Number of protein chains: 2
Amino acid sequence: MSEAIPSGTRNTRQRSEVLALLREVEGFRTPQQLYVELRQRDAQVGLTTVYRTLQLLVDAGEVDTTRLPGGEQLFRWCSPSHHHHLVCRRCGTAVEVKGPAVERWADRVAGEHGYTDIDHTIEIFGTCADCAA
Amino acid sequence: MSEAIPSGTRNTRQRSEVLALLREVEGFRTPQQLYVELRQRDAQVGLTTVYRTLQLLVDAGEVDTTRLPGGEQLFRWCSPSHHHHLVCRRCGTAVEVKGPAVERWADRVAGEHGYTDIDHTIEIFGTCADCAA
DNA sequence: CTGCGTGCAAATAGTTTGCAGTTCA
DNA sequence: TGAACTGCAAACTATTTGCACGCAG
């Protein structure tokens, strides 16, 4: 039932807690934030485990990761299709956005310069309507 | 003559060394790399000073900064106009690219979702022709 | 002169790892 | 049962800061 836990790994209480939280929140979170939120809901999970679980999920392609301009890692439960994010720099709420034209632009530009094995990062940061209020 | 050092600050040997190196190299560098390269050319500059000088230059808008997927900060001497980078993930060589259409897309998307005070990050990573050889 | 700049060493912050004890399959 | 998992504490990495001294203006 609690599918989502990568196969070949164990389904532990801690992992379920992390997964459950990730699926509930709507934006990106740092491992530290997740740790705090877990404690608030009385979920007994160590910070180390939060980090390890997140890494596990990233490897399994079940969560999406990016970085704050300041350098901390952010994680978010994420739909599998390729897209980018519009992230509130205050509360972390994120909106998934698509931009097929942008993808094409990136590939074209890279190709024109002789670059191969292209990958790209597009993040839009702003203050969401709620936080701006 | 060695203009480029932000006004209101002193023109020291160390700052000139950092600036000179930045202007010579063509790609992004981490503070640590710059520090090593400076020592190799017998420029006596402390790591702390490298960090402080880079911060100074970023504040003055004279260098451009971004992050490696791993999280370390990268700095590059950079032309003043707004643009993005196509960075070789192997050697750090970077090409400045412009994409007015992308800028507009980012602003429009953000606005549609009620976000304000927009900023964006667009980085394209790839392997340059030389490194692919 | 005089205060900004420098560099060492120590402090931080985020993240990772070693290891002994615990737990799932 | 026994390998995988957990969590504490310690290790690490990148970066920042405190402070006494030095040099630019």
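In the block above lies the structure referred to throughout.
These lines cover the structure that appears in this document, whether it is placed above or below. (Residues numbered from 1 in each chain as written. Chains lettered and ligands numbered in written order. Predicted model: local features only at pLDDT ≥ 70, side-chain atom pairs only at ≥ 80, totals over all residues. Heavy atoms only, no water.)

Looking at the overall build of chain A
Here comes step 1: What chain A contains, in helices and strands, is 5 helices and 5 strands.
Here comes step 2: The N-to-C order of helical and strand elements in chain A reads α-α-α-β-β-β-β-α-β-α.
Here comes step 3: Taken along its principal axes, the extent of the C-alpha atoms in chain A is 50 × 45 × 25 Å.
Here comes step 4: Among the 133 residues that make up chain A, the fraction classed as buried is 43%.
Here comes step 5: Sequence-distant contacts in chain A: of pairs separated by 6 or more residues, those separated by 24 or more amount to 46%.
Here comes step 6: For chain A, the centre of its 15 positive side-chain charges and the centre of its 18 negative side-chain charges are spaced 5 Å apart. (Helix = DSSP H or I, 4+ residues; strand = E, 2+ residues; numbered from the N terminus. Buried < 20%, exposed > 50% of the residue type's maximum accessible area, 1.4 Å probe, protein only. Contact = heavy atoms within 4.5 Å. Lys, Arg positive; Asp, Glu negative; His and termini not counted. Charge placed at Lys NZ, Arg CZ, Asp CG, Glu CD.)

Points about the protein's contact with DNA strand C
Here comes step 1: Around DNA strand C sit 20 residues in total, of which Y51(A), R10(B), T12(B), T49(B) and R52(B) are the nearest.
Here comes step 2: A share of 58% is what sugar and phosphate atoms reach among the atoms of DNA strand C within 4 Å of the protein.
Here comes step 3: A distance of 3.3 Å separates a phosphate oxygen of DNA strand C from a polar backbone atom of N11(A).
Here comes step 4: In this structure, Q44(B) approaches DNA strand C through a main-chain N or O atom, which is 3.4 Å from a phosphate oxygen.
Here comes step 5: Counting residues per element, the ones that place at least two in the surface near DNA strand C are α2 (31-40) and α3 (47-59) of chain A together with α1 (13-24) and α3 (47-59) of chain B.
Here comes step 6: Looking at the surface near DNA strand C residue by residue, the classes come out as 3 nonpolar, 11 polar and 6 charged. (Near = heavy atom within 4 Å. Polar contact = N/O pair within 3.5 Å; in protein donor to acceptor, adjacent residues only side chain to side chain. Nonpolar A, V, L, I, M, F, W, Y, C, P; charged D, E, K, R; others polar.)

Spatial relationships are all this shows, so hold off on functional conclusions.
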